[in-house]
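Each chain, written out:
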Amino acid sequence: MKFFVDTANIEDIRELAETGLLDGVTTNPSLIHKSGGHFLEVVADICRVVSGPVSAEVVATDHAEMMREAEILRKIAENVAIKVPLTIDGLKTCKALTSEGAMVNVTLCFTANQALLAAKAGATFISPFVGRHDDIGFDGMEIISDIRLIYDNYDFETQILVASIRHPVHVLQSAKIGADVITAPPAVIRQLVKHPLTDRGLEGFAADWAKTGQTIA
Ligand code: G3P
């Protein structure tokens, strides 16, 4: 399973990229706003740090304007994936861009039927939002299972990119279902490493090692 980070904060991206575990980055207009930077410059900075797919989202809602914005975003770097919303115009744009060889991430997906349409439109990635589903009292992960089943039934190559992840259990469930990619905020990725027994074990080993009076040399 690939790990993307869902942020436009370049410091967080740099730090996570250094682990060698980061496969890509996803951004959206809200994350760009939070970063405080200029959209095109922020995306260019991220693409200099990460060689995997970096999702940059169009803000237009009609097909012609989405295509114009996508053309600008595609010029930033080879690894830019154009993010389009799951609307008729977004799907039309997805079809056109993937026919030209661009990577496309179809976002704001909330049903398995929407994911089926995105796959038929040739999407590289489909981004179902699990956390926002949980927020309104539904089980977001059920949609991931349904999408996995449907995509496998028809051998669709569209990658399931689980988005709107809120906690490590979403990551675990995504891996068990066989999602292709997760995108999580930096804090959730850091949480995956932590366990109190790991910390306690390390302290114990360090204390006993000190008692030996030895060094590794
Ligand atoms: O980038 C798309 C998605 O991950 C947004 O997550 O936390 O705003 O629901 P969230």
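Please refer to the structure placed before this passage.
None of the values given here were measured: they were computed from a predicted structure. (Residues numbered from 1 in each chain as written. Predicted model: local features only at pLDDT ≥ 70, side-chain atom pairs only at ≥ 80, totals over all residues. Heavy atoms only, no water.)

Q: Run through the nonpolar core, naming residues and quoting values.
A: Core analysis: the largest hydrophobic core is formed by 56 residues, its most contacted members being V106 and I126. No other element matches the 6 residues that helix α8 (residues 140–153) contributes to this core. Excluding residues within four positions of it along the chain, V106 makes contact with V84, P85, L86, L91, C94, A118, A123, F125, I126 and S127. (Core = buried A, V, L, I, M, F, W, Y, C linked by side-chain atoms within 4.5 Å. Buried < 20%, exposed > 50% of the residue type's maximum accessible area, 1.4 Å probe, protein only. Helix = DSSP H or I, 4+ residues; strand = E, 2+ residues; numbered from the N terminus. Contact = heavy atoms within 4.5 Å.)

Q: Tell me about the packing of α8 against helix α9 (residues 168–177), and name the residues and values.
A: Contact geometry of α8 with α9 gives a least axis separation of 10 Å together with a crossing angle of 20 degrees. With respect to each other, α8 and α9 are oriented roughly parallel. Crossing of α8 over α9 shows right-handed handedness. The residues of α9 that touch α8, namely those facing M141, I144, S145 and R148, are H170, Q173, S174 and I177. Here the residues of the contact of α8 with α9 are counted per class, giving 3 nonpolar, 4 polar and 1 charged. (Axes fitted to C-alpha atoms, helices over the stretch in contact; angles between N-to-C directions. Parallel < 35°, antiparallel > 145°, perpendicular 65-115°, else oblique. Left-handed = near helix turned anticlockwise from the far one by under 90°. Nonpolar A, V, L, I, M, F, W, Y, C, P; charged D, E, K, R; others polar.)

Q: Give a detailed account of the sheet that holds strand β8 (residues 181–184), specifying residues and quantitative values.
A: Around the barrel, 8 strands lie side by side as β1-β2-β3-β4-β5-β6-β7-β8; this closed barrel has parallel pairing. In this sheet, adjacent strand axes meet at a mean angle of 30 degrees when their direction is disregarded. Bridging between strand β4 (residues 80–85) and strand β5 (residues 103–109) involves 5 bridges; their strand directions are parallel. Within β5, the residue paired with I82 across the bridge is V104. Against the sheet, helix α3 (residues 39–49) touches β2 (24–26), β3 (54–57) and β4, its axis set at about 170 degrees to β3. Running over the sheet, helix α4 (residues 63–74) touches β3 and β4 and is turned about 160 degrees from β4. (Pairing = 2+ DSSP bridges.)

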